[in-house]
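Working through the structure, step by step
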Amino acid sequence: MSAWKLSRIRNRYEFHQLLHREPDICLERRSALGRLFFSLRIESFDRSRIGSLHEATAAAAVDSCTFRSPEIVLILGESYDKHHAALYGYPLPTTPRLLRERSAGRLFPFTDVVSPANLTVSVMQSLFTMASRDQQTIWYDIPLFPALFRRAGYDTLMFDNQTTFALDDDVWDQEIGNFLYHPRLVPLLFTYCNPDRHRFDNELIADFDRQDTLRRNPFRLTIFHLMGQHIAYGERFPAQERYFTADSIPERSREGLLRNRNERRIIADYDNATRYNDRVVGEILDRFRQRDAIVVYLSDHGEEVFDYAHRNGRLHDPTLTADCCRHQYEIPFMIWMSDRYRQNHPDIAAAVARSVDRPYMTDDLPHLLLDLAGIRCDCYDPTRSVVNERFDPSRPRLLREEKIDYERIVRHP
Ligand SMILES: [Zn+2]
């Protein structure tokens, strides 16, 4: 029976599904020939994940590129609960710069975007692979999008404030969390990666400034990966940037939770980190004001900070509630365009403005970025680009490894 089932498996996805359904299948007694057959199947379906990722990414081909957005910037925030952003209606002034950009007509906050997971590592996988969660694929069998930009002719610059390169060689293959910087993958993905982490996010901008003067290619994808509002919040902003204290925070949350003084002190630190983040993002935008540039800014996932329960961080409860989705999975997501960009690309500017209320999940982010660049390739799907006229709003948004339908939780709790 087992041999028959295994012989009918066509790919690694089906193999993993079978192991998930019938974990004991590996333990069943079988003949020597059966065992050999089984181990060969495992071997063929479960090679090193980095090996698969490298193979898929190295083989990725680009059909054409119009370079319609010469300069594309992706800012990846961290642990940002959009319900603590004044931009999204929070009563305290946590986002003065973003609000100014919105008033000037340069910034378009999207209202209905969620993250597929609440762990940085699994979100990073979803953000960088061309695979999406509602497809029957495994993410590391599908190319990573920066390789497509490189192949098309863009420079790809990565400024990451979360990664250390001090890993032993033998850690790499087990440590899929650092997949982006694996020595075999880096040359396929990035023209440049910053070597250092910094105490505060704004120091990444100095790294960018140094590289900026060295690069001659007019076509560029620049990625900033910030430390953002990651726990511990009090360490995410310099002391002179402190703006809120426990006294600034209302005793009762908007959800009606009565919070003690210590909880309000922690909330003040989170809101200070959010306000400092607003400054960092504003300074990144300053670098691109005079250029033909478009910026996509989102957080990897949200965070809870004593909003509806006496807890903060990200909890991995067995059941997902609407409250948990609201704070941990709903994320800030916005597109900024310089004045010059909006003049040069009125069609894209209009498409962005039209799209702000569309339901989106960020595992489809690479399709948006390829669309903005005008890159065409086998794995690009315009129905997954949130600003495209062919965008499909009916795609299910499946959260976590269990693939829980977000709509089902928040609309019909
Ligand atoms: Zn994270």
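Residues numbered from 1 in each chain as written. Predicted model: local features only at pLDDT ≥ 70, side-chain atom pairs only at ≥ 80, totals over all residues.

Considering the sheet that holds strand 6 (residues 192-193)
Read from one edge to the other, the open sheet built from seven strands follows the order 3-11-8-2-7-5-6, with strand pairing classed as mixed. Strands with a single pairing partner mark the edges of an open sheet, and in this sheet they are strand 3 (107-110) and strand 6. Relative to strand 7 (residues 220-225), strand 5 (residues 155-160) runs parallel, the two sharing six bridges. The partner of D160 across the bridge, within strand 7, is H225. (Pairing = 2+ DSSP bridges. Helix = DSSP H or I, 4+ residues; strand = E, 2+ residues; numbered from the N terminus.)

Let's talk about helix 15 (residues 365-373)
Of all the nine residues making up helix 15, nine are buried; the element is thus mostly covered by neighbouring parts of the structure. Regarding helix 15, the residues found buried are L365, P366, H367, L368, L369, L370, D371, L372 and A373. The secondary structure elements touched by the buried residues of helix 15 are strand 1 (64-65), strand 2 (71-77), helix 6 (120-128), helix 7 (145-152), strand 8 (293-299) and strand 13 (375-376). Just past helix 15, the residue G374 takes up positive phi, approximately 80 degrees. (Buried ≥ 20, exposed ≤ 12 C-beta atoms within 10 Å, placed from the backbone. Contact = placed C-beta atoms within 7 Å.)

Regarding the nonpolar core
Ranked by internal contacts, the top residues of the largest apolar core, which has 97 residues, are I75, V295, L369 and A373. Broken down by element, this core gets its largest block of residues, ten residues, from helix 11 (residues 261-288). (Core = buried A, V, L, I, M, F, W, Y, C linked by C-beta atoms within 7 Å.)

Some details on unusual backbone geometry
The amide bond that connects I231 to the next residue, A232, takes the cis arrangement and shows omega of 5 degrees. Tracing the sequence through the fold places A232 in the loop between strand 7 and helix 11. One non-glycine residue with positive phi stands out, namely S79, at about 50 degrees. A positive phi angle, near 50 degrees, is found at F306, a position not held by glycine. Note that F306 resides in the loop between strand 9 (304-305) and strand 10 (312-313).

Focus on the packing of helix 5 (residues 96-103) against helix 11
Helix-helix packing is described using two parameters, namely the angle between the two axes and the distance between the axes. For the pair helix 5 and helix 11, interaxial distance at closest approach is 7 Å and the crossing angle is 45 degrees. Between helix 5 and helix 11, the crossing angle belongs to the class labelled oblique. On the side of helix 5, the interface is formed by P96, R97, L98 and E101, while helix 11 contributes D278, R279, V281, G282 and L285. Among the residues making up the contact of helix 5 with helix 11, the classes are represented as four nonpolar, one polar and four charged. (Axes fitted to C-alpha atoms, helices over the stretch in contact; angles between N-to-C directions. Parallel < 35°, antiparallel > 145°, perpendicular 65-115°, else oblique. Nonpolar A, V, L, I, M, F, W, Y, C, P; charged D, E, K, R; others polar.)

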